Structures are given as structure tokens and as C-alpha cells.
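Take a look at the letters that make up each chain.
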Amino acid sequence: MSSTAPGINPLTQAVTLQAGTFAVTIPPGSFVETNQGFFVFAGVINGAAMQAAIEHTGTLRYAFQAKAVRASLTGTTNPVTVRLSIGVDSGTTSVNAKIFH
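Bear in mind the structure is a predicted one, so any value in this text is a computation, not a measurement.

Q: Sorry if this is basic, but what is going on with the pairing of strand 1 (residues 15-19) here?
A: In regular strands, side chains alternate between the two faces of the sheet. Burial of the side chains of strand 1 is restricted to one face: V15, L17 and A19 are buried, whereas none of T16 and Q18 on the reverse face is. Remark: two residues form the turn of the hairpin made by strand 1 and strand 2 (residues 22-26), two consecutive strands paired antiparallel; G20 in that turn has positive phi of roughly 60°. In terms of strand pairing, strand 1 meets strand 7 (residues 80-86) through five bridges, oriented antiparallel. Note on strand 7: the bridge partner recorded for T16 is S85.

Structure, rendered in C-alpha cells:
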């Protein structure tokens, strides 16, 4: 992303998370902004109970955390490729997923 790119706005943009074989889109308007400036979401999408938070960490830099219960990761192995898209902005990383049964 260039330094002249507009920032993200999860209040008005769809947020799509793909982790291995699991993918979910959190619709625009689903996140709320906290008094501390974080964007947070809690709800159920496609049967998965989701919690997500986006924290502004610097100029055009953000940290994203998510937790999903009852999300199917069948066929996914570590390390897991994770892709996050907010509006037209996106990024990809690799993580070790914690899978609880």
C-alpha cells in the first residue's frame, strides 16, 4: 500500500478473513469503534461465533486479531495462510493455528 492510499474503514467496508479452508466476510456496518479507537466485532456468521478486533498501530498500519468457535478448518495444516481484506486493501501472512476440539 502506498503512503498516499486512503486508510481502511471497517465501519463502512466489508472485512473478509480467510484462514486455510475457512473463509468469512463480515458485512459493512458490523464493526463498532471503541473509545480507545479499536474496531471490534462480535457475532455469528455462517454458524461460527466470531470475535475480531482491528487496532491502528501507525500510519497506514493495523493489527488484526480474530477468534472463531465452530469454524471448520477441515483439511487445514500448519502453517496456515491467512488473508485479510478490508475494502480494496488486503494482506497475507502465515500463522500457526490453535485448533481446539
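Q: What is the right way to read the sheet that holds strand 5 (residues 48-58) from this model?
A: Strand order in the open sheet made by the four strands is 3-4-5-6, with antiparallel pairing throughout. Looking at which strands have only one partner, the edges of the open sheet turn out to be strand 3 (32-33) and strand 6 (61-69). Bridge count for strand 3 against strand 4 (residues 39-45) is two bridges, and the pairing is antiparallel. Its bridge partner lying in strand 4, E33 is registered against F39.

Q: In this structure, what is going on with unusual backbone geometry? I would like to understand it.
A: Most peptide bonds take the trans configuration, and most residues that are not glycine carry a negative phi. Cis geometry is found at the peptide bond from N78 to P79, where omega equals -5°. Among the secondary structure elements, P79 is positioned in the loop between strand 6 and strand 7. One non-glycine residue, N46, lies in the positive phi region at around 50°. Tracing the backbone through its elements, the reader meets N46 in the loop between strand 4 and strand 5. For L60, which is not a glycine, the phi torsion comes out positive at approximately 55°. By the element assignment, L60 lies in the loop between strand 5 and strand 6.

Q: Whenever I open this one, the nonpolar core confuses me. Can you help?
A: Nonpolar side chains in soluble globular proteins tend to end up buried together. Counting residues in hydrophobic clusters, the biggest one holds 19 residues, and the most contacted among them are I26, F31 and F41. At the level of secondary structure, the elements contributing two or more residues to this core comprise strand 1, strand 2, strand 4, strand 5 and strand 7.

Q: Could you clarify how one ought to interpret the packing of aromatic side chains in this entry?
A: How two aromatic rings sit relative to each other is set out by the distance from centre to centre and by the angle between their planes. The tally for this structure, following the rule as stated, stands at one aromatic pair. Each ring, one from F31 and one from F41, has its centre 5.9 Å from the other, and the planes form 45°; the classification is tilted. One end of the pair, F31, is in the loop between strand 2 and strand 3; the other, F41, is in strand 4, with ten residues separating them in the sequence.

Q: How do you make sense of the sheet that holds strand 1 when you look at a structure like this?
A: Strand pairing within a sheet occurs via backbone hydrogen bonds; the two strands may be parallel or antiparallel. Pairing is antiparallel across the open sheet formed by four strands, whose spatial order is 2-1-7-8. Two strands close off the open sheet at either side, each with one partner strand: strand 2 and strand 8 (89-95). Between one strand axis and the next, the sheet turns by 10° as a mean value, whatever way the strands run.

Q: Even after reading the chapter, I still don't get the pairing of strand 4, so can you show me in this structure?
A: Where strand 3 hands over to strand 4, the hairpin turn is made up of five residues, of which G37 adopts a positive phi near 90°. Relative to strand 5, strand 4 runs antiparallel, the two sharing seven bridges. The partner of V40 across the bridge, within strand 5, is A53. The antiparallel hairpin formed by strand 4 and strand 5 contains two residues in its connecting segment, where N46 sits at a positive phi of about 50°.

Rules behind the numbers
Residues numbered from 1 in each chain as written. Predicted model: local features only at pLDDT ≥ 70, side-chain atom pairs only at ≥ 80, totals over all residues. Heavy atoms only, no water. Buried < 20%, exposed > 50% of the residue type's maximum accessible area, 1.4 Å probe, protein only. Helix = DSSP H or I, 4+ residues; strand = E, 2+ residues; numbered from the N terminus. Pairing = 2+ DSSP bridges. Core = buried A, V, L, I, M, F, W, Y, C linked by side-chain atoms within 4.5 Å. Phe/Tyr/Trp six-rings, centres within 6.5 Å; stacked < 30°, edge-to-face > 60°. Axes fitted to C-alpha atoms, helices over the stretch in contact; angles between N-to-C directions.

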